[in-house]
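# Summary of structural features
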Amino acid sequence: MRDTLLLNADGNPLSAAPLSTLTWQESIKLIWLDRINVLEWHEDWQVHSPTITMTVPSVMMVREFVKRRTNTSFSRSNVYCRDNYICQYCKQMFSYKELTLDHVIPKSKGGKTEWTNIVTACKKCNNQKGNSIIKPYKPPHKPDFHQLYKSKNHVHIEHPVWYKYINAELEEKRA
Ligand SMILES: [Zn+2]
């Protein structure tokens, strides 16, 4: 169970996958270290030590901007994420194991291994395509933090109050 959402100084979660969250013990420790501001509390949840009572924070923000830990660099799993695990030729969804990376413009024709030339393809489509050039379902692009963020299908929101700190697209997904 994760209890506290941790935001960067710009108001976005510190990391997307996994979502930057802390246990209540970790979050209270950060309060004592005086490194963060608390934005929301779990109003109905207090913890007790022999000498003090503390309300558990629900959303906290670091005071100084931290360079994002979320890896938005080019990688197999980030390409699958950008494409939502959907083969860009047959438009079917597949598991990680059944997918491959496909060069839209084949390597043999000078295609580069980069965001704008690589799409997610199932093994069957990739084999059938061979060295031909087929227009993918969506033109490949370099995703930014938010695009990868909303593509992470496994983002799990423990507490509804967190939604307002997570981007609008994700909010729509919930509705
Ligand atoms: Zn396919």
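Before reading on, note that the structure itself is shown above.
Predicted model, so just to flag it, every value in this text is computed and none were measured. (Residues numbered from 1 in each chain as written. Predicted model: local features only at pLDDT ≥ 70, side-chain atom pairs only at ≥ 80, totals over all residues. Heavy atoms only, no water.)

## Concerning the coordination of the zinc ion
Convention followed: Think of the donor list as every N, O and S atom within 2.8 Å of the metal, or within 3.2 Å for Na, K and Ca; water never makes the list, so a site can look incomplete. Labels for metal geometry use angle windows, namely 85 to 135 degrees for all angles of a four-donor tetrahedral site, and for square planar (four donors) or octahedral (six donors) sites opposite donors over 155 degrees apart plus all others within 65 to 115; sites meeting none of these are irregular.
At the metal site, the zinc ion is ligated by Cys87 (SG), Cys90 (SG), Cys122 (SG) and Cys125 (SG), and these contacts range over 2.3 Å. Angles of 101 to 118° at the metal separate the four donor atoms of the zinc ion, which places the site in the tetrahedral class. All donors of the zinc ion come from a single chain, and their spacing in sequence reads C-x2-C-x31-C-x2-C.

## Focus on unusual backbone geometry
Where we set the bar: The helix count covers DSSP runs of H or I at least four residues long, the strand count covers runs of E at least two residues long, and both are numbered beginning at the N terminus. When a residue's accessible area, from a 1.4 Å probe over protein chains only, is under 20% of the maximum for its type it is buried; when over 50% it is exposed; and in between it is partly exposed.
A positive phi angle is found at Asp34, which is not glycine, with a value near 60°. Structurally, Asp34 can be placed in the loop between α1 (24-33) and β3 (36-48). Under the relative-accessibility criterion, Asp34 is labelled exposed at 52%.

## Comments concerning α1
Formally: Directions are taken from the helix axis to each C-beta atom, and the arc is the one they span. Any two residues having at least one pair of non-hydrogen atoms within 4.5 Å are treated as being in contact.
Of the positions making up α1, those classed as buried are Ser27, Ile28 and Leu30. Seen along its axis, α1 keeps its buried residues to an arc of 155°; they face one direction. Opposite the buried face of α1, at more than 90 degrees from it, the exposed residues are Lys29 and Trp32. Buried-residue contacts for α1 involve β1 (4-7), β2 (21-22), β3 and β4 (53-62). Asp34 sits one or two positions beyond α1 and adopts a positive phi of about 60°.

## Here we look at the side chain of Thr120
Our working rule: For this analysis, a polar contact is any N or O atom pair within 3.5 Å, provided that within protein one partner can donate a hydrogen and the other can accept it, and provided that sequence-adjacent residues contribute only side-chain to side-chain pairs.
For Thr120, the location among the structural elements is in strand β6 (residues 118-122). Of the residues examined, Thr120 reaches a relative accessible area of 0% and is grouped as buried. One polar contact links the side chain of Thr120 to the main-chain carbonyl oxygen of Val79, over a distance of 3.4 Å. Discounting chain neighbours no more than four positions away, the residues touching Thr120 are Val79, Tyr80, Asp83, Ile86, Cys87, Gln88, Leu99 and Thr100.

## A look at the packing of aromatic side chains
For the record, the criterion: Here a Phe, Tyr or Trp ring, Trp counted by its six-membered ring, pairs with any other such ring whose centre lies within 6.5 Å, and the pair is stacked when the planes are under 30 degrees apart, edge-to-face when over 60, and tilted otherwise.
A full pass over the atoms with the stated rule returns three aromatic pairs. Measuring from ring centre to ring centre gives 6.0 Å for Tyr80 and Tyr85, while their planes differ by 55°; the resulting arrangement is tilted. Overall, the relative accessible area of 0% leaves Tyr80 in the buried class. With a centroid separation of 5.1 Å and 75° between ring planes, the pair formed by Tyr80 and Tyr96 is classed as edge-to-face. Of this pair, Tyr80 sits in helix α2 (residues 76-82) while Tyr96 is found in the loop between α2 and β5 (99-103), placing the two residues 16 residues apart along the sequence. Taken together through their ring pairs, the aromatic side chains of Tyr80, Tyr85 and Tyr96 make up a single cluster.

## Describing the sheet that holds β3
Basically, it comes down to this: Here the rule is simple: two strands pair whenever DSSP picks up at least two bridges between them. Every angle, taken between N-to-C directions, lies between 0 and 180 degrees, and every axis is a line fitted to C-alpha atoms, over only the stretch in contact when it is a helix.
With mixed pairing, four strands are arranged side by side in an open sheet as β2-β1-β4-β3. A single partner strand is all that each edge strand has here, and the edge strands are β2 and β3. Sheet topology note: the β1/β2 ladder contains two bridges and is antiparallel. When the sheet's bridge partners are listed, Leu5 is paired in β2 with Thr21. Strand contacts of α1: β1, β2, β3 and β4, with the helix running at about 80° to β4, the strand carrying the most contacts.

## Focus on the side chain of Thr55
Position of Thr55 among the secondary structure elements: in strand β4. At a separation of 3.3 Å, a polar atom in the side chain of Thr55 contacts the side chain of Gln46. Once residues lying within four places of it in the same chain are set aside, the contact partners of Thr55 are Trp41, His42, Glu43, Trp45 and Gln46.

No statement about biological role is implied by the geometric values presented.
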